[in-house]
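A structural walkthrough
This is what each chain is made of:
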Amino acid sequence: MKTNLLSIFSLIIFLTACSDENISDSEHAVSIFHLPIPEGFPEPEFPTDNQLTKARIELGKKLFYDTRLSIDSTIACVSCHIPNLAFSDSVAISPGVKRKLGFRNAPTLANVAYLGKKKVNKDGGVVKLDLQAVVPIEDEMEMGFTIAGLSKRLQNIPEYEPLFQKAYNRGADPFSITRALGSFLRTLISGNSRYDQYVNQKKENALTESEKRGKTIFFDKVNCGNCHHGHNLTNYEFANVGVHEKYADRGRARITLDEKDDGKFRVPTLRNIALTAPYMHDGSIATLEEVIEHYIIGGKDHPNKDPRIQPINLTEADKVDLIHFFESLTDSAFINNQNFLPNESNSNAMKQ
Ligand code: HEC
Ligand code: HEC
């Protein structure tokens, strides 16, 4: 993330460079792929210049699993966003090229289709999902490459040419690379956990009695749902929950440069939360039990701490129920979805 300024700078160049040539989809016939949306979920927005098609999703998936997206061909997106961990990672900080370490925990990619504007990344530093991929590609702690260098590299790989043409009617360039990745990311929808089966599909027996109690504790007894609510269990706001007394990472303030935003991070989704340890922006809390202890004491003192974060009373039985509720958010159909896994010819990164 050291190259953040550089990345933002190149994003701006890239945005302006692309704005004239954004061929709207209406100008060339595309056969739209209708993404199945779970019950209780709104329809995500698809950008007018990047409607979803099978060719785009397939190309994006191939890129997601391809280590050639990094400067030395060692790191792919999947290196840090692992499918059976709901596309998160098991370590606090994931190593990038040459084992370099950034400073944030790799989040789940479930339901990123719903991020909307100015909410991408924990500090909201990227304005739309289709531009996010430039950050890891150019970050020297992650893939250490440039989007221009990557475009050239992919233009010289014969197997990619027909795929880019089919998807975007053009070769590999910053526009088509980022849009293809965005298309694949939008298909990563998780909405069929037992919690969904209970709440949205009205299957009374989908949750155990303990999980139901945990749900009531979460939403009614201690009001976690103030921030973690809605179909993705987040209100998408930025909040400081007192993870540290002094934050090494300014969070939202890195973007706004306003000290009132120090230590504020986008409220994360809790979908598949049992699979995405360690927790918080820096992975500094190892387990869900410890997250609960964090909220019981009301977090650490910080001038920006949200007033809704106060010490709470939970019995030992409540804590067990709450953990069971978290586990009911695991969507096994999501993590086992074969559509998200690489095709045979493209599984190098997975085997490592
Ligand atoms: C070295 C590890 C690493 C690699 C490689 C990596 N990511 Fe990430 N990814 C992260 C981290 C850490 C964050 C959180 C960054 C932040 O919030 O500032 C993140 C955030 C994201 C987000 C935003 C999610 C959200 O909730 O806002 C998306 C989307 C994403 N990555 C997609 C990708 C794609 C696509 C690639 C490949 C081009 C990729 N990542 C490569 C570690 C990585
Ligand atoms: C004021 C809004 C707010 C309230 C209320 C709140 N949270 Fe959070 N929660 C957040 C934010 C923001 C983060 C991320 C903080 C960070 O990374 O520094 C978070 C992180 C978490 C995480 C870790 C997620 C991850 O992927 O790392 C869990 C689990 C969690 N909260 C559970 C709860 C529970 C349980 C309660 C009720 C006791 C609760 N939250 C109440 C805003 C809130």
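Next up on the list: the coordination of the iron atom of ligand 2. Around the iron atom of ligand 2, the protein contributes the donor atoms His228 (NE2) and Tyr295 (OH), which lie 2.0 to 2.1 Å from the metal centre. Coordination at the iron atom of ligand 2 is octahedral: its six donor atoms span angles of 86 to 179 degrees at the metal. With a gap of 67 residues between them, histidine 228 in the loop between α9 (209-221) and β1 (238-239) and tyrosine 295 in helix α11 (residues 288-296) connect regions that are remote in the sequence. Residue class for tyrosine 295 comes out partly exposed when judged on its relative accessible area of 24%.

What follows deals with the environment of threonine 269. With respect to the helices, strands and loops of the structure, threonine 269 is situated in the loop between β2 (265-266) and α11. Separated by 37 residues in sequence, threonine 269 and asparagine 232 place their C-alpha atoms 5.7 Å apart. Threonine 269 has contacts with Thr108, Asn232, Leu233 and Thr234, leaving out every residue within four places of it along the chain. Here the side chain of threonine 269 touches asparagine 232 through a polar contact of 2.8 Å, landing on its backbone oxygen. Within the structure, threonine 269 has its side chain in polar contact with the backbone nitrogen of arginine 271 (distance 3.1 Å).

On the protein, His81 (NE2) is the one donor atom to the iron atom of ligand 1, at 2.1 Å. Along the chain, the position of histidine 81 falls in the loop between α2 (54-64) and α3 (129-132).

Our next topic: the packing of α9 against helix α12 (residues 316-327). One can describe the packing of α9 onto α12 by two numbers: an axis separation of 7 Å at closest approach and a directional angle of 100 degrees. Here α9 lies roughly perpendicular to α12, going by the angle between them. Taken together, the residues of α12 that come into contact with α9 (itself represented by Ser210, Glu211, Arg213, Gly214, Lys215, Ile217, Phe218, Phe219 and Lys221) are Asp318, Val320, Asp321, Leu322, His324, Phe325 and Phe326. A per-class count over the contact of α9 with α12 returns seven nonpolar, three polar and six charged.

When two helices pack together, their arrangement is given by the angle between the helix axes and by the axis-to-axis distance. One way to put it is that α2 packs onto helix α6 (residues 160-168) with a least axis distance of 8 Å and a crossing angle of 140 degrees. By the criterion of interaxial angle, the relationship of α2 to α6 is oblique. When the axes of α2 and α6 are compared, the crossing they make is left-handed. Where α2 approaches α6, its residues Ala55, Arg56, Leu59, Lys62 and Leu63 are matched on the opposing element by Tyr160, Leu163, Phe164, Lys166, Ala167 and Tyr168.

It is worth spelling out α12 at this point. Relative to the 16 Å expected for 12 residues at 1.5 Å per residue, α12 spans 17 Å between its end C-alpha atoms, a close match to the ideal helical length. Buried within α12 we find Asp318, Lys319, Asp321, Leu322, Ile323, Phe325 and Phe326. Looking at the packing, one finds that the buried side of α12 touches α8 (194-199), α9 and α11.

What follows covers the site of ligand 2. Surrounding ligand 2, one finds 23 residues, the nearest of these being Cys224, Cys227, His228, His281 and Tyr295. Take methionine 280: an N or O atom from its main chain is 2.7 Å from an oxygen atom of ligand 2. Here histidine 281 contributes a backbone N or O atom positioned 2.7 Å from an oxygen atom of ligand 2. In terms of residue count, α11 provides more of the shell around ligand 2 than any other element does, three residues in total.

Moving on: the confidence of the model for the chain. The share of residues in the chain with pLDDT of 70 or more is 89%, and the mean pLDDT across the chain is 91. Segment residues 5-10: pLDDT under 50, and two contacts once partners within four positions in sequence are set aside and those in other chains are kept. Across residues 15-22 the pLDDT falls below 50, and counting only partners more than four positions away or on other chains, this stretch makes six contacts in the model.

By the secondary structure assignment, lysine 221 is in helix α9. For the pair lysine 221 and aspartate 318, spaced 97 residues apart in the sequence, the C-alpha separation amounts to 10.0 Å. Other than its neighbours up to four places away in sequence, lysine 221 contacts Thr216, Asn313 and Asp318. Within the local environment of lysine 221, its side chain forms a polar contact with the side chain of aspartate 318, the two groups lying 2.6 Å apart.

Around ligand 1, the structure places 25 residues, and the nearest of them are Cys77, Cys80, His81, Arg104 and Asn121. Asparagine 121 places a polar main-chain atom, nitrogen or oxygen, 2.7 Å from an oxygen atom of ligand 1. With respect to ligand 1, the side chain of glutamine 132 contributes an N or O atom lying 3.2 Å from a nitrogen atom. Split into classes, the residues belonging to the shell around ligand 1 amount to 15 nonpolar, six polar and four charged.

About the cut-offs
- Residues numbered from 1 in each chain as written.
- Chains lettered and ligands numbered in written order.
- Predicted model: local features only at pLDDT ≥ 70, side-chain atom pairs only at ≥ 80, totals over all residues.
- Heavy atoms only, no water.
- Donors = N, O, S within 2.8 Å, 3.2 Å for Na, K, Ca; no water.
- Tetrahedral: all angles 85-135°; square planar, octahedral: opposite > 155°, others 65-115°.
- Helix = DSSP H or I, 4+ residues; strand = E, 2+ residues; numbered from the N terminus.
- Buried < 20%, exposed > 50% of the residue type's maximum accessible area, 1.4 Å probe, protein only.
- Contact = heavy atoms within 4.5 Å.
- Polar contact = N/O pair within 3.5 Å; in protein donor to acceptor, adjacent residues only side chain to side chain.
- Axes fitted to C-alpha atoms, helices over the stretch in contact; angles between N-to-C directions.
- Parallel < 35°, antiparallel > 145°, perpendicular 65-115°, else oblique.
- Nonpolar A, V, L, I, M, F, W, Y, C, P; charged D, E, K, R; others polar.
- Left-handed = near helix turned anticlockwise from the far one by under 90°.
- Expected span 1.5 Å × (residues − 1).
- Near = heavy atom within 4 Å.
- pLDDT = per-residue confidence, 0-100.

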